[in-house]
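# Structural characterization, general
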Amino acid sequence: MDFNVKKLASDAGVFFSRAMQFTEEKLGQAEKTELDAHFENLLARADSTKNWTEKILRQTEVLLQPNPSARVEEFLYEKLDRKVPSRVTNGELLAQYMTEAANDFGPGTPYGKTLIKVGETQRRLGAAERDFIHSASINFLTPLRNFLEGDWRTISKERRILQNCRLDLDACKARLKKAKAAEAKAALWSDEVEKAEHELRLTQTEFDRQAEVTRLLLEGISSTHVNHLRCLHEFVESQTNYYAQCYQYMLDLQKQLGRFSGTFVGNAESTSPPPAATSPPAVGAATLPAVPTIPVVPTIVGVPNTVAESVLNPNEVKPPASGTRKARVLYDYEAADSSELALLADEMITVYSLPGMDPDWLIGERGNQKGKVPVTYLELLS
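Please read all numbers here as calculations on a predicted model, not as lab measurements. (Residues numbered from 1 in each chain as written. Predicted model: local features only at pLDDT ≥ 70, side-chain atom pairs only at ≥ 80, totals over all residues. Heavy atoms only, no water.)

### Quick notes on the sheet that holds strand β3 (residues 361-366)
In space, the 5 strands of this open sheet follow the order β4-β3-β2-β1-β5, with antiparallel pairing throughout. Only two strands of the sheet have a single partner each, and these edge strands are β4 (369-374) and β5 (378-380). Within the sheet, the average angular offset between the axes of one strand and its neighbour, ignoring direction, is 40°. Bridging between strand β1 (residues 325-329) and β5 involves 3 bridges; their strand directions are antiparallel. Its bridge partner lying in β5, Arg328 is registered against Glu379. (Pairing = 2+ DSSP bridges. Helix = DSSP H or I, 4+ residues; strand = E, 2+ residues; numbered from the N terminus. Axes fitted to C-alpha atoms, helices over the stretch in contact; angles between N-to-C directions.)

Written out as C-alpha cells, the structure is:
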C-alpha cells in the first residue's frame, strides 16, 4: 500500500515538473534543448509521410467505394474482426434489372435481345470491378493502413517518450542552475548542487538513449517509402488491367450491337406517318447546311426491293458508276463471316449503299476485297 502511494506521489511530482517546464518554455522563461538539424528533418519527413498516407488512403477508399454508408459499414466490420458481407456492385445490379426487363418485354423482341446483351456486359463489368476492388484493397490499402496503425503508432509512442525525457533533462538543468546560484550565496547548498548534477547525468543518459531509439525509427521511413512505392506499382497494374477489361467488354458489346443492328433495329416497323412534302423555310429562319448522304444504287427493274444483306454476295456486288464515298475507319473491326469486311483503324476505304440495305451497314471496298461494314465504325468523308 505504502509503495503504491509513494509511486503515485512520485508520478505526480514528475508530471508537475514536466508541466512546469513546458509552460515556462512556452512563456519564454526557460531554456529548451534543441535537436540537431538532421533529427528535425527526420521528424518533418515522418510527419509529412503520415499526413499524406492518411489522405491517399482515405481518397482511395472513396474511389473504391463512393457510398459513405457502405464505407462506414466495412470499417465497423473490420474493427469487429468480422468478414465484410459480399455486396452487389452497381454494374451487377443494373445487369439484374436489364435481364428482368428483357424477360418482361419478351427476350425474343429486338428490345429484349438488346437488354440481355447489354445486361450481360454490365454483369461482366461489375465482376471486373469487384476483382479490382479486392486486389487494390489487399495490395495497396492494407499496407498503407498497416503503416498508420503499426509503425506510425510505434514512432508516435517513442516520440512522446523522447519529449518527456527532454522535459526532464531541461528541468534538471534548471534545478542545477538554481542550485549553483544558491551555492554562490551560501556554502550550505553544495549538497544540492551535487544532487542536481547527478540527476542531470542520469536524465542526459536517458535522453540520449531515447533520442537514438527514435532516430532509428525515423530513419526507417525510407524503407516505408520503398514499400509504398512497390504497392503503388501494384495498384496501377490492377487499375490498368481493370480498365483494359472494361474496354474490351465494351468493344465486344459494340461489335455485337453493330453486327446485329439489322435484327434489333431494321426489323422494327415504323409507326410514324410518312414525312410531308418539304416546305420552304420561314423567313428569318436559320438554314442548316445539307448533310451529305451515301448514294444508293438505283433499283433494277424486275428485281424486288428486299433487304440486300439477306441475299448479299460481296463478290457479285457491282459498285455504282458514280457517287461512291471515301471513309476513314475509326476502330478495328473483325469480320463475323465472309460477307463482312475486316477493318483496321485509320485506314481509308471506298463505301456505297445498296437499295433496301440496312441503314446501319454499307458496302466497303479495299483493293480487291469487298464486304459489309458497320457505319458506326466509319467517318464518312465529303
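### Here's the deal with the pattern of salt bridges
Per the counting criterion, the structure on display carries 16 salt bridges. Close ionic contact of Arg123 with Glu120 constitutes a salt bridge, the shortest N to O distance being 2.6 Å. Of the two residues, Arg123 and Glu120 are both situated in helix α5 (residues 110-183); the distance of 3 residues between them amounts to about one turn of the helix. By relative accessible area, Arg123 is classed as partly exposed at 40%. (Salt bridge = Lys/Arg side-chain N within 4 Å of Asp/Glu carboxyl O. Buried < 20%, exposed > 50% of the residue type's maximum accessible area, 1.4 Å probe, protein only.)

### Things to note about the packing of aromatic side chains
Under the counting rule described, the total for this entry stands at 8 aromatic pairs. Arranged with centres 4.8 Å apart and planes meeting at 20°, the rings of Phe140 and Phe235 form a pair that is stacked. On the criterion of sequence distance, the pair formed by Phe140 in helix α5 and Phe235 in helix α7 (residues 221-259) is long-range, its members being 95 residues apart. Seen in terms of ring centroids, Tyr331 and Tyr377 are 5.6 Å apart; in terms of plane orientation they differ by 90°. Their pairing is edge-to-face. Taken together, the residues Tyr331 in the loop between β1 and β2 (348-352) and Tyr377 in the loop between β4 and β5 connect sequence positions 46 residues apart. We classify Tyr331 as partly exposed; its relative accessible area is 34%. Of the residues examined, Tyr377 reaches a relative accessible area of 0% and is grouped as buried. Taking the ring centre of Trp52 as reference, the NZ or CZ of Lys55 above it sits at 4.6 Å. We note Lys372 situated over the ring of Trp361; from NZ or CZ to the ring centre the distance is 5.2 Å. (Phe/Tyr/Trp six-rings, centres within 6.5 Å; stacked < 30°, edge-to-face > 60°. Lys NZ or Arg CZ within 6 Å of the ring centre and 35° of its normal.)

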